[in-house]
Structures are given as C-alpha cells and as structure tokens.
Amino acid sequence: MTTLTQTVTKEITWKAIASFCERGKAADLLAVGDIISIVLKNDEKMRIAVAGINTYKPNEVVFTFKDILSKEAPMNKENTNEGGYDASNMAKYLDTEIFALLPNDLQEVIKERRGHKLWLFSRREVFGSDGYYICPEDDLHLPYYEKAENRIKLRDGEPDWWWLASPFEANAANFCFVDGSGVSGFWGASNSCGVVPGFCV
C-alpha cells in the first residue's frame, strides 16, 4: 500500500475563517495542526497553528503561535506570582502591545477569553495535567499539544524557553515554563522568557 501525503497552500482571510466558525463549519476548513502565516506590524513573520476546534465553545477555534515571539518578556516586574496570570504584567503586555502588532483583520475577529484578547496557555492545556501548578478548573488538554513535539518552540530558528500562565503552587515567586526540549519547569516571574500567545476566533 502506498501513502501520499500532500500539503496544500491556500490563500484565506481571517474574516473568512471567522465566517466558517460562526456557521459551525470550522472543521470543514481547518484541522488541528494547520498553519496560518502572518506578518506582524513590526515586520516579524509568525506562524499560527490551529490548537483546537470547538474545544471550549461551539463554533470557536483556539489558535496558538507556533513559534516564540522574537522579544522575551518577564511575567511580572516583581518576582511574584500573586494574583496569577490575570494580575500579571504579561497579561497587560499581550492585551496591549502585542495585540496592537497583529494585522487589523485578525484583531477584528478575535474573541475574548476570560477577559483577554491574547493569553498564555496553562500547563494543563499544554501537558494535560496540572503537575505542581495552578490551572483553571475548566482548562482542557488542547489537541495540538497532545503531540509532544509541538511543545518545542523556536525563537529565531532555535529551540528556546517559553512561559506558561500557571503559577507554581509551592512558591510565591515562580511561574511554569517549557524548556527547549519540551519539558516543563518553574522560574522566577521577573525573569525574561519566551512569549507564545493564544487566541480564539
């Protein structure tokens, strides 16, 4: 038996993607792992992966940046995880500075999740379990991250560390991160680390 695997490149707009989602037809257009290429307003080229279809809400697609943004950032200015992700400087940074870099047509179709336009993934969404970290009760293991290789992220072409939204349960200073081999650990919130946003359409 011979198997042929094809990669088809298509031109598509975010407005069209949103229309498919609204009509409950997202799965007719997209599959988990599909990649959409965008150019940020600072001319940085990024790849966006489909992370889940109808995972949290009907007619909604969860997307993840496939790669790490070129600029690292701390989770908080101070070395604390008090208030978790929602109270972090990172949450404000993504919702303002990074959101402003997205193409206008993408900005127009993003749906807020828990009050955020862009957000970081929890440990449960990426690894399927909380481990020693605090995760929202309704978070699910995203289909895209069920494949361990998708937890390895590149920054400027090389594997690098990236933040997750989950505070470390046993220490008031640390958040979870994923290292260059796709394994999770914890690090002080004031350290700069890679940023991998998620969003919903």
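Just above, that's the structure.
Residues numbered from 1 in each chain as written. Predicted model: local features only at pLDDT ≥ 70, side-chain atom pairs only at ≥ 80, totals over all residues. Heavy atoms only, no water.

Novice: Which parts of the structure should I look at to understand the packing of aromatic side chains?
Specialist: When we look at a pair of aromatic rings, we describe it by the centre distance and by the angle of the planes. Counting across every chain of the model gives 14 aromatic pairs. On the numbers, 5.7 Å between centres and 65° between planes, the contact of F121 with Y145 is edge-to-face. Here F121, found in the loop between α4 (104-107) and α5 (123-127), pairs with Y145, found in the loop between α5 and β5 (153-155); they are 24 residues apart in sequence, far enough to count as distant. Taking 5.5 Å as the distance between ring centres and 50° as the angle between the ring planes, the aromatic pair formed by Y133 and F168 counts as tilted. Placement of the pair is Y133 in the loop between α5 and β5 and F168 in the loop between β7 (162-167) and β8 (174-178), with a sequence separation of 35 residues. Of the two residues, Y133 and F168, neither departs from the other in class, the shared state being buried. Taken together, the ring pairs in this structure connect W119, F121, Y144, Y145 and W162 into an aromatic cluster. Here R23 stacks its cationic end above the ring of F20, 4.9 Å away from the centre of that ring. Seen from the ring of W162, K153 lies directly overhead, with NZ or CZ sitting 5.3 Å from the centre. (Phe/Tyr/Trp six-rings, centres within 6.5 Å; stacked < 30°, edge-to-face > 60°. Helix = DSSP H or I, 4+ residues; strand = E, 2+ residues; numbered from the N terminus. Buried < 20%, exposed > 50% of the residue type's maximum accessible area, 1.4 Å probe, protein only. Lys NZ or Arg CZ within 6 Å of the ring centre and 35° of its normal.)

Novice: Got a minute to help me understand the sheet that holds strand β2 (residues 45-53) in this structure?
Specialist: Within a sheet, each strand pairs with its neighbour through backbone hydrogen bonds, oriented either parallel or antiparallel. One open sheet accounts for 4 strands, arranged β1-β2-β3-β11; its pairing is antiparallel. Two strands close off the open sheet at either side, each with one partner strand: β1 (35-39) and β11 (198-200). Within this sheet the neighbouring strands show an average axis-to-axis angle of 30°, counted without direction. Both β2 and strand β3 (residues 61-65) contribute to a ladder of 5 bridges, which runs antiparallel. By the bridge assignment, I53 is partnered in β3 with V61. (Pairing = 2+ DSSP bridges. Axes fitted to C-alpha atoms, helices over the stretch in contact; angles between N-to-C directions.)

Novice: I tried to follow the environment of S166 on my own but got confused; where do I start?
Specialist: Note that S166 resides in strand β7. On a C-alpha basis, the gap between S166 and C135 in space is 5.7 Å, while along the polypeptide they are 31 residues apart. In contact with S166, other than residues within four places in its own chain, are S122, R123, Y133, I134, C135, F175 and C176. At a separation of 2.9 Å, a polar atom in the side chain of S166 contacts the main-chain amide nitrogen of R123. (Contact = heavy atoms within 4.5 Å. Polar contact = N/O pair within 3.5 Å; in protein donor to acceptor, adjacent residues only side chain to side chain.)

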